[in-house]
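Listed here are the chains, written in short residue letters.
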Amino acid sequence: MPSVTASMGAVYKNLLKPLFFKLDPERAHEVAVDGLRVLRSIPGLVRMMGAINQLPSSAKPVEAFGVTFPNRIGLAAGFDKNAVCWQALEAYGFGHVEIGTVTHKAQPGNPKPRLFRFPEHEAVLNRMGFNNHGAQSIAARLEKQPGVGERRIPLGVNIGKSKVTPLDKAVEDYLGSFSLLADYADYVVINVSSPNTPDLRKLQDADRLRELLGELVSANAAREELHPGSRKPILLKIAPDLTEEQVDDILQILHDLSLDGIIATNTTMAREGPFKDLNEAGGISGKPITDMSTEMIAHIAKITEGKLPIIGVGGIYDADTAAQKLDAGATLVQVYSGMIYEGPLLAKRVARGLAEKCGDL
């Protein structure tokens, strides 16, 4: 129904977006999450909207790291930090959702204001600081929701280090979150690349990363030994600001440990072009990192000879920019900032565009 999609897109652009943009960015985010919670609570509504906005049932599903996805577009971590509304995103055409970032300990995040829009550049800067309810609380919430094999779109769980946990205790922190949350995830993402938790990016250093991922891989294998079939795909999310040498070191570790995939990329700390004089801490996402993330994906695909599954993230705002990620070597893509500027039906448009490109329809 192209006319319906176009009409709904126009409603967002001409009515809802101006209203959202009059609100403080974090307040607008809270309103959007609350709206999705209401949508999720109305019996049958998500499924009815999904029948309109998802790809037709005849579309070929996408297989990646042992998980089946109804289409190639997902919502990146950061939107639904506490697993309160992710089920409603199916209604808008998303093929998967990644919740979090979840930390082992509940934490309020950084002081406000901590989220900023730059409409003239279709960019967002955030320094949220992993504000979330904590792994135990979120696990209890997920336990009451449709589980693996019961839901229509896969759920990724993104985990990070608690701010109060020192770097030398990071492994135990991640293992605690993994043990609490893995049962509820279709795949688990290890986030070592947010710029908003002190010292977190130091976990991308080769020695620290090898230790962290090695322990998580061992914990995953132990799960499988105790309960066959319980192993979870583990992916690593990296920053766009790494050098090629650093990326190559990381890829060697992923190869050695047989990790399942990589997400490229997180937000950037670079301050270039119109942001060169910006005096705000935090990571920038949206259009300014389109090329940066695509180049990173291309490098990863080249070094791994296309054998490592890649989820491409960064500056996707239409089907063409999403297709660039696939052309560079990604199998799946995710959006977040693009949805702020283009509306939730961006997912439907991108899913259809990519399905046509890849012959999935």
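Described in the following lines is the structure provided in the data block. This is a predicted model, so every value here is computed, not measured.

Brief notes about the pattern of salt bridges
When charged atoms on two side chains of opposite charge get close, those side chains can pair. Across all of its chains, the model carries 19 salt bridges by this definition. Between Asp205 and Arg208 there is a salt bridge, with the nearest N and O atoms lying 3.5 Å from each other. Classification of Asp205 as partly exposed rests on a relative accessible area of 36%. Between Glu305 and Lys307 there is a salt bridge, with the nearest N and O atoms lying 3.5 Å from each other. Judged by relative accessible area, which is 60%, Glu305 ranks as exposed. What makes Lys307 exposed here is its relative accessible area of 65%. The network of salt bridges with shared partners includes Lys13, Glu342 and Arg349.

A closer look at the packing of aromatic side chains
Taken as a whole and assessed by the stated rule, the structure comprises five aromatic pairs. Consider the rings of Phe79 and Tyr336, whose centres lie 5.8 Å apart with planes at 85°: the pair is edge-to-face. Of the two residues, Phe79 sits in the loop between β3 (73–75) and β4 (96–103) while Tyr336 sits in the loop between β13 (332–335) and α10 (337–342), which places them 257 residues apart along the sequence. Note on Phe79: relative accessible area 6%, which makes it buried. With a centroid separation of 5.3 Å and an interplanar angle of 90°, the aromatic rings of Phe118 and Phe275 are classed as edge-to-face.

Let's talk about a negative patch on the surface
Taken together, the side chains of Asp168, Glu172, Glu211 and Glu215 make up a negatively charged region of the molecular surface. Among the secondary structure elements, Asp168 is positioned in the loop between β7 (155–160) and α5 (170–181).

Section: the sheet that holds strand β5 (residues 115–118)
An order of β5-β6-β11 is seen for the three strands of this open sheet, with the pairing classed as antiparallel. In this open sheet, the two edge strands, each paired with only one partner strand, are β5 and β11 (283–286). Strand-to-strand twist across the sheet, computed as the mean angle between neighbouring axes with direction ignored, equals 25°. Alignment of strand β6 (residues 123–126) against β11, held across four bridges, turns out to be antiparallel. Each residue of the ladder has a partner; that of Asn126, found in β11, is Gly283.

Focus on the nonpolar core
Core analysis: the biggest nonpolar cluster contains 84 residues, and Tyr174, Ile190, Leu213, Leu236 and Ile300 have the highest contact counts within it. Filtering out sequence-adjacent residues up to four positions away, Tyr174 remains in contact with Ile159, Gly160, Lys161, Ile190, Asn191, Val192, Leu200, Leu203, Leu212 and Leu216.

Brief notes about the side chain of His299
Here His299 lies in helix α8 (residues 290–303). Taking relative accessible area as the criterion, His299 reaches 13% and is therefore assigned buried. One polar contact links His299 to Asp248, side chain to side chain, over a distance of 2.7 Å. What His299 contacts, discounting residues up to four positions off in sequence, is Glu244, Val247 and Asp248.

Rules of the game
Residues numbered from 1 in each chain as written. Predicted model: local features only at pLDDT ≥ 70, side-chain atom pairs only at ≥ 80, totals over all residues. Heavy atoms only, no water. Salt bridge = Lys/Arg side-chain N within 4 Å of Asp/Glu carboxyl O. Buried < 20%, exposed > 50% of the residue type's maximum accessible area, 1.4 Å probe, protein only. Phe/Tyr/Trp six-rings, centres within 6.5 Å; stacked < 30°, edge-to-face > 60°. Helix = DSSP H or I, 4+ residues; strand = E, 2+ residues; numbered from the N terminus. Patch = residues over 30% accessible without salt bridge, like charges linked within 9 Å, V, L, I, M, F, W, Y side chains within 5 Å. Areas by Shrake-Rupley, 256 points an atom, 1.4 Å probe, with all protein chains shown as cover. Lys, Arg positive; Asp, Glu negative; His and termini not counted. Charge placed at Lys NZ, Arg CZ, Asp CG, Glu CD. Pairing = 2+ DSSP bridges. Axes fitted to C-alpha atoms, helices over the stretch in contact; angles between N-to-C directions. Core = buried A, V, L, I, M, F, W, Y, C linked by side-chain atoms within 4.5 Å. Contact = heavy atoms within 4.5 Å. Polar contact = N/O pair within 3.5 Å; in protein donor to acceptor, adjacent residues only side chain to side chain.

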